[in-house]
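An overview of the molecular structure
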Amino acid sequence: MTRRILLALSLALLALPAQAQPLVSTSIQTALAPQVAQARFTVLIPEAILRRPVPDPAAETEVMRSLIQAGYRVVDPGTQQRNAERNLLRGEDLSAIPDLKSRLGADYLVTGEAFAEEYGTVAGSMRGYTARLEVKVIDLASAQTVFSEAFQGSGVGLTDAIAGKTALMNVGRQAGQKLPGLLNQVLQGHTAVAQRAFVVRILTPTDFAKVNLIAKQLKAKGASSAVIRAVDSGGALLEVSIEGSTADLASLLETLGLSVSGMTGNEISVR
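Bear in mind the structure is a predicted one, so any value in this text is a computation, not a measurement. (Residues numbered from 1 in each chain as written. Predicted model: local features only at pLDDT ≥ 70, side-chain atom pairs only at ≥ 80, totals over all residues. Heavy atoms only, no water.)

If you trace the backbone, leucine 183 turns up in helix α6 (residues 160-187). Leucine 183 sits 36 residues away from phenylalanine 147 along the chain, and the two C-alpha atoms are 7.2 Å apart. Leaving out residues up to four positions away in the same chain, leucine 183 has contacts with Phe41, Leu67, Tyr72, Val137 and Phe147. (Helix = DSSP H or I, 4+ residues; strand = E, 2+ residues; numbered from the N terminus. Contact = heavy atoms within 4.5 Å.)

A separate point is the nonpolar core. One finds Val63, Val110 and Leu133 to be the most contacted residues of the largest nonpolar core, which totals 37 residues. Those elements that place two or more of their residues in this core are β1 (40-43), α3 (58-69), β5 (108-122), β6 (126-139), β7 (144-157) and α6. No other element matches α6, which puts nine residues into this core. When neighbours within four sequence positions are excluded, leucine 133 is seen to be in contact with Ile45, Ala59, Val63, Glu113, Ala114, Glu149, Ala150, Phe151, Val171, Gly172 and Ala175. (Core = buried A, V, L, I, M, F, W, Y, C linked by side-chain atoms within 4.5 Å. Buried < 20%, exposed > 50% of the residue type's maximum accessible area, 1.4 Å probe, protein only.)

Moving on: helix α4 (residues 79-90). Taking 1.5 Å of rise per residue, 12 residues should cover 16 Å, and α4 covers 16 Å from first to last C-alpha, within 8% of that figure. Turning to α4, its buried residues number three or more, namely Arg82, Glu85, Arg86 and Leu89. Buried residues of α4, seen end-on, are gathered within an arc of 105 degrees and therefore sit on one face of the element. (Expected span 1.5 Å × (residues − 1). Arc of directions from axis to C-beta.)

Next up on the list: the sheet that holds strand β10 (residues 235-242). Pairing is mixed in the open sheet, where five strands are placed in the order β9-β10-β8-β12-β11. Each edge of the open sheet is held by one strand with a lone partner, namely β9 (225-232) and β11 (260-264). Strand-to-strand twist in this sheet, taken as the mean axis angle between neighbours without regard to direction, amounts to 15 degrees. As judged from the seven bridges shared by strand β8 (residues 196-202) and β10, these two strands associate in the antiparallel manner. Bridging across to β10, arginine 196 finds its partner in isoleucine 242. (Pairing = 2+ DSSP bridges. Axes fitted to C-alpha atoms, helices over the stretch in contact; angles between N-to-C directions.)

A few words now on unusual backbone geometry. A positive phi angle, close to 65 degrees, is found at alanine 143, a residue other than glycine. Mapped onto the secondary structure, alanine 143 falls in the loop between β6 and β7.

Each aromatic ring pair is characterised by the separation of its centres together with the angle its planes make. With the rule as written, the count across this model stands at two aromatic pairs. Relative to tyrosine 72, the ring of phenylalanine 41 lies with its centre 5.1 Å away and its plane at 90 degrees, an arrangement referred to as edge-to-face. Of this pair, phenylalanine 41 sits in strand β1 while tyrosine 72 sits in the loop between α3 and β4 (73-74), and the two are 31 residues apart along the sequence. Given the relative accessible area of 0%, phenylalanine 41 is considered buried. Consider the rings of phenylalanine 41 and tyrosine 108, whose centres lie 5.0 Å apart with planes at 20 degrees: the pair is stacked. One end of the pair, phenylalanine 41, is in strand β1; the other, tyrosine 108, is in strand β5, with 67 residues separating them in the sequence. (Phe/Tyr/Trp six-rings, centres within 6.5 Å; stacked < 30°, edge-to-face > 60°.)

As enumerated under the stated definition, the model contains 16 salt bridges in all. Arginine 82 is the salt-bridge partner of aspartate 76, the closest N and O atoms lying 2.9 Å from each other. With a relative accessible area of 7%, arginine 82 lands in the buried category. Between lysine 101 and aspartate 107 there is a salt bridge, with its nearest N and O atoms 3.2 Å apart. (Salt bridge = Lys/Arg side-chain N within 4 Å of Asp/Glu carboxyl O.)

Note on placement: alanine 247 falls in helix α8 (residues 246-255). Classification of alanine 247 as partly exposed rests on a relative accessible area of 28%. Separated by 19 residues in sequence, alanine 247 and asparagine 266 have C-alpha atoms that sit 9.5 Å apart.

This is how it looks when you write it as structure tokens:
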């Protein structure tokens, strides 16, 4: 019986297109930039098989594993909170994203959607499923989407549950082969994407005139925008869109006479 099952599985895999073959997990070699290596990431990707929610996502696990292997700092909020936040994201309640930064203790959220659907029976009684994974990375400080891409794959199994799970795992591995390197480039500002928005926190008492002067100086030095979000007795908050990395903006701020006291993800604190 075991030989029959193995033979059927082999025949089924040979009958599938290349993207349906199980991917071999390989060590991901990515030299992370310092500002990328210190950023904290949380991976929360709602998944469904035949439109039914999956409580223990396979694609999410593969994406998380790939980031960890590449050296990224991945924050795990715990199973109970992970399920709660995943349900929130499944409902597309994006208004709660600003609160996720403090709740998850992360700088970036890797999220999106993954689903698997059947495409029929292959090689006898084996079930065949296709899967699609849409990944986006959100900067939790500014709520800006800094990366977005879709992946497709497939898988087979003796049952619908196993076939669907295998398809999700395969498409997650496929994303995991590309995501660490692409994300490393995006977060350094080395790709042709929309300018990223950075959050600059001034931690010392100031007034609107001084903050407005800083905003004008930043735009004079290449920032496409520098929006004042808040000014109070404790300091100020600016949102700056500019090409380059967090380190590039930090260096620019210091040329204006400000002292950088903290830098994480897309957020810079100055005095």
